[in-house]
Amino acid sequence: MRRLLPLLAAAGLLVGTAWAAQPEDDLQDLRRKIDSLKQELQANEATRHDAADALKSSEQAISEANRAVAQLNRQQQLSQAELARISLDISKTRQNLEANRERLQALIRARHRNGQHEALRLLLNRQDPNKLARDLRYYRYIAEAQHKLSGELSAQLDKLNALAEVIRQKHDDLARIAAERKAARDKLRMEQAEKQQVLSKISTEIGQQRKEISKLQRDEKRLTQLVEKINRMIRERELKEAREREKQARAQKLAEAREAARQAKEAKAGKKPGDTPPKAEPVIKRNEALPDSSADGRRFAELKGRLHLPARGEVSGKFGTPRSEGTNWKGVFIRTAGGQPVKAVASGRVVFADWLRGFGNMLIVDHGGGYLSLYGAAESLVKQVGDTVKAGEDVATSGNSGGSEQTGIYFEIRHMGKPLDPLAWAK
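Bear in mind that the values here come from a model prediction, so they are computed numbers and not experimental data. (Residues numbered from 1 in each chain as written. Predicted model: local features only at pLDDT ≥ 70, side-chain atom pairs only at ≥ 80, totals over all residues. Heavy atoms only, no water.)

### Observations concerning the overall build of the protein
Condition: Where helices and strands are cited, they refer to DSSP runs of H or I of at least four residues and of E of at least two residues respectively, numbered from the N terminus. Throughout, a residue-residue contact means that at least one pair of heavy atoms, one from each residue, lies within 4.5 Å.
In terms of helices and strands, the protein carries six helices and twelve strands. A sequence separation of at least 24 residues applies to 72% of the contacts in the protein between residues at least 6 apart.

### What about the pairing of strand β2 (residues 313-317)?
Put simply, the rule reads: Any two strands with at least two DSSP-identified bridges between them are counted as paired.
Pairing analysis gives two bridges linking strand β1 (residues 286-287) to β2, with the strands arranged antiparallel. Following the sheet pairing, asparagine 287 is matched in β2 by glycine 313.

### Structural notes on the nonpolar core
As a rule of thumb, nonpolar side chains are buried together in soluble globular proteins. To be explicit about the condition: For the purposes of this section, nonpolar cores are sets of buried Ala, Val, Leu, Ile, Met, Phe, Trp, Tyr and Cys residues that join through side-chain atoms within 4.5 Å. Any residue under 20% of the maximum accessible area for its type is buried, any over 50% is exposed, and the rest in between are partly exposed; the area is computed with a 1.4 Å probe on protein chains only.
Phe300 and Tyr375 are the most contacted members of the largest nonpolar core, which has 31 residues in total. Looking at this core, the elements with two or more residues in it are β3 (332-335), β6 (360-368), β7 (371-378), β10 (394-397), β11 (408-415) and α6 (422-425). Residues contacting tyrosine 375, with those up to four places away along its chain left out, are Pro310, Val342, Lys343, Ala344, Val345, Asn361, Met362, Leu363, Val365, Ile409, Tyr410 and Phe411. In this structure, Ile86, Ile90, Leu104 and Leu174 belong to the second largest nonpolar core, which totals eleven residues.

### Section: the environment of phenylalanine 352
Mapped onto the secondary structure, phenylalanine 352 falls in strand β5 (residues 348-356). A C-alpha to C-alpha distance of 7.4 Å links phenylalanine 352 and methionine 362, two positions ten residues apart in sequence. With near-sequence residues (within four places) excluded, phenylalanine 352 lies in contact with Met362, Leu363, Ile364 and Val385.

### Some points on the confidence of the model for the protein
What counts, and what does not: For every residue, the predictor states its confidence as a pLDDT score lying anywhere from 0 to 100.
Residue-level pLDDT values for the protein average 77, and 75% of them are 70 or greater. A low-confidence stretch, residues 1-20 stays under pLDDT 50, and its non-local contacts, those more than four residues away or across chains, total 26 contacts. In this model, residues 273-282 is a region of pLDDT below 50 whose contacts with residues beyond four sequence positions or in other chains number three contacts.

### A look at unusual backbone geometry
Despite not being glycine, alanine 377 has its phi angle at roughly 65°, a positive value. In this structure, alanine 377 sits in strand β7. Classification of alanine 377 as buried rests on a relative accessible area of 4%.

### Looking at the pairing of β5
Summarising the sheet, β5 and strand β9 (residues 388-389) pair through two bridges and their orientation is antiparallel. Looking at the pairing, glycine 348 lines up with valine 389 of β9. Here seven bridges tie β5 to β6, and the two strands are oriented antiparallel to one another. Across the sheet, residue valine 350 finds its bridge partner in β6, namely valine 365. From the end of β5 to the start of β6, which pair antiparallel, there are three residues, and glycine 358 there has a positive phi angle of about 90°.

### As for the pattern of salt bridges
Two side chains bearing opposite charge may form a pair once their charged atoms approach each other closely. The condition that has to hold: Each salt bridge in this description consists of a side-chain nitrogen of Lys or Arg and a carboxyl oxygen of Asp or Glu lying within 4 Å of one another.
Throughout the structure, instances matching the rule amount to eleven salt bridges. Note that glutamate 64 is salt-bridged to arginine 67, the shortest N-O span being 2.6 Å. Residue glutamate 64 and its partner arginine 67 are located together in helix α2 (residues 18-114), separated by three residues, close to a single helical turn. Here glutamate 64 falls in the partly exposed class, since its relative accessible area comes to 44%. As a salt-bridge pair, arginine 85 and aspartate 89 come within 3.0 Å of each other at their nearest N and O atoms.

### Quick look at the packing of aromatic side chains
So the rule is basically this: When the centres of two rings from Phe, Tyr and Trp lie within 6.5 Å, Trp using its six-membered ring, the rings pair. Their planes under 30 degrees apart give stacked, over 60 give edge-to-face, and anything left gives tilted.
With the rule as written, the count across this model stands at five aromatic pairs. On the numbers, 5.6 Å between centres and 65° between planes, the contact of tyrosine 371 with tryptophan 425 is edge-to-face. Taken together, the residues span a long stretch of sequence, with tyrosine 371 in strand β7 and tryptophan 425 in helix α6 at a distance of 54 residues. With relative accessibility at 5%, the residue tryptophan 425 sits in the buried group. In textbook terms, an aromatic cluster arises when at least three aromatic residues are bridged by ring pairs, as seen for Phe300, Tyr371 and Trp425.

### Describing the environment of threonine 388
Looking at where threonine 388 falls in the secondary structure, it is placed in strand β9. With 40 residues separating them in the primary sequence, threonine 388 and glycine 348 have C-alpha atoms 6.0 Å apart. Ignoring sequence-local partners within four residues, the contact set of threonine 388 consists of Gly348, Arg349 and Glu393.

### Observations concerning the environment of tyrosine 375
Heads up, the condition is: Think of a polar contact as two N or O atoms within 3.5 Å of one another; within protein, one of them needs to be a possible hydrogen donor and the other a possible acceptor, and neighboring residues in sequence only count if both atoms come from side chains.
The residue tyrosine 375 is located in strand β7 in this model. For tyrosine 375, a relative accessible area of 0% puts it in the buried group. Taking the C-alpha atoms as reference points, tyrosine 375 and glutamate 412, separated by 37 residues in sequence, lie 6.9 Å from one another. Only 3.3 Å separates the side chain of tyrosine 375 from the backbone nitrogen of valine 345, close enough to count as a polar contact.

### Re the sheet that holds β10
Strand order across the open sheet formed by three strands is β4-β10-β8, with antiparallel pairing between neighbours. This sheet does not close on itself; its edge strands, each paired only once, are β4 (341-343) and β8 (380-381). Summarising the sheet, β4 and β10 pair through three bridges and their orientation is antiparallel. Note that in β10 the partner of valine 342 across the bridge is alanine 396.

Below you can see the structure in the form of structure tokens.
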């Protein structure tokens, strides 16, 4: 029908409203379909918000599982150190035990050489009393030494047995810790798989509906243009040329006025017509530098222009620019792989560390003077409320919690509650 319209118009056959009726009916049907699909999309968006809320427990569990794995690693290191110390004690005890055995064997051989009844034989032979007393005292010393060494040997054996029991207990503890660590990691993988399934399903449905709405809106626009064109041809055919001339005249006047205003502005600024305007300042597109300890001990207000962004990656969302949800960015989004370290940009104290709708796992650091830094969409929160952090210290890991379509970290700076452009503070 579109190909026939120009021919029909040229032949003067487009009269009345008969030709406009069918496209207008089609347009009404199309608009009703778009309205219905928009309602379904709104319901699906609400479902996604509900699903994001449902992900709260899952993403918190992932954060806790990571923290548990780190804690188990520390416990295993401590157990291994204790095990090494006990092994050293056992080695020393065995050396002492072997020395005592050698001394006892020497004593037994000496007594065997002199005979078990040497003291009685000396007494019956009526030798010199002084010599006899010295010999008896010598054998008494030998007997006492033998008894003492036997006691030390027994104590050494008891100690060795006790140490053996301790080391067996340490081995059991290490086995238990290893099993707990495996269970924690298995749980982490399961939580991550469930999360990806939920997000993938909902995002796919919403994406398909948005594409369908976009296609229908383009169809609506084309059909609207067709209806307007038909009605305009019917009602204003005889005025078309006059309107075109007026339109051209207005366009010419507007162009002349704009050119005159531009030349006046350039003349006022001291520039000649045709001068090249200055280039805009470059903006950060990718961040590679990370915060370090150089910002420690300094007032946050003094750090403007000296801060480093909290993670390496591409800066995709910029402060003040429109977001797809109809709002503007109040911070920046740094795209990077999941599980990457996120650093504190300056020293301070953690005042919030929890899951927040729309932001996922969120951590907020108070830097004093009314300044706050916010880290959202994290996979894991390394710090907890009340923890003191230093500049450059790990506070979280990157992720896509809270229903974020990208993986990375969302970062804001606020002063007395007012959002500030983080790139204006970045070095």
